[in-house]
Amino acid sequence: MTSSTERHIQRERRHRRVRARVSGTAQRPRLSVYRSNRYFCAQLIDDSAGQTLAYISSAAHAGVKRKSMREQAAAVGEAIAKRAREQKIQKVVFDRGGYLYRGNVKVLADAARAAGLSL
């Protein structure tokens, strides 16, 4: 059985592999996803300038805190797409953060797409 420390190290390795290929620019920022056991976070990052353009967390987002993880992921996806539209960003590069593209990470990406963001 794999311990939680080993799983964390494996996720970090996957994340480094993804980050070696994915980079955000001002025209097409990187949509970075982080999930914990309780919350979801998403950021829009311009790697060329080293800036975070937008950030949303289900822990701080009003009304999302008490929902299921799937509902939180969908709400965070919609909220980050709304913040991107406010900054006139339509296309992003998706950074899954070392997580497998399934389950709640996929729900977040699909919700962002449905809200008008092109991944």
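Small disclaimer: the values here were computed from a predicted structure and weren't measured.

Here we take up the layout of surface pockets. Size it by volume and the largest pocket reaches roughly 360 Å³. Every residue lining the largest pocket is listed: S4, R7, H8, R11, R14, Y34, R35, S36, N37 and Y99. Contributing elements (two or more residues each) for the lining of the largest pocket: α1 (4-21) and β1 (30-35). A class-by-class count of the residues in the lining of the largest pocket yields 2 nonpolar, 4 polar and 4 charged. Every residue along the wall of the second largest pocket is listed here: R14, R35, M69, Y99, L100, R102, N104 and V105. Across the lining of the second largest pocket, the residue classes tally to 4 nonpolar, 1 polar and 3 charged.

Hydrogen bonding along the main chain pairs the strands of a sheet, whether they run parallel or antiparallel. Strand order across the open sheet formed by 4 strands is β3-β2-β1-β4, with mixed pairing between neighbours. Of all the strands in the sheet, the pair left with one neighbour each is β3 (51-57) and β4 (93-95). Adjacent strand axes in the sheet meet at a mean angle of 20 degrees when their direction is disregarded.

Reading guide: rules and limits
- Residues numbered from 1 in each chain as written.
- Predicted model: local features only at pLDDT ≥ 70, side-chain atom pairs only at ≥ 80, totals over all residues.
- Heavy atoms only, no water.
- 1 Å grid on protein atoms, 1.4 Å probe; cavity = no way out; pocket = protein on both sides within 12 Å on 5 of 7 lines; lining within 4 Å.
- Points joined across faces, edges and corners; volume = space filled by probe spheres on them.
- Helix = DSSP H or I, 4+ residues; strand = E, 2+ residues; numbered from the N terminus.
- Nonpolar A, V, L, I, M, F, W, Y, C, P; charged D, E, K, R; others polar.
- Pairing = 2+ DSSP bridges.
- Axes fitted to C-alpha atoms, helices over the stretch in contact; angles between N-to-C directions.

Keep in mind these numbers describe shape, not what the thing actually does.
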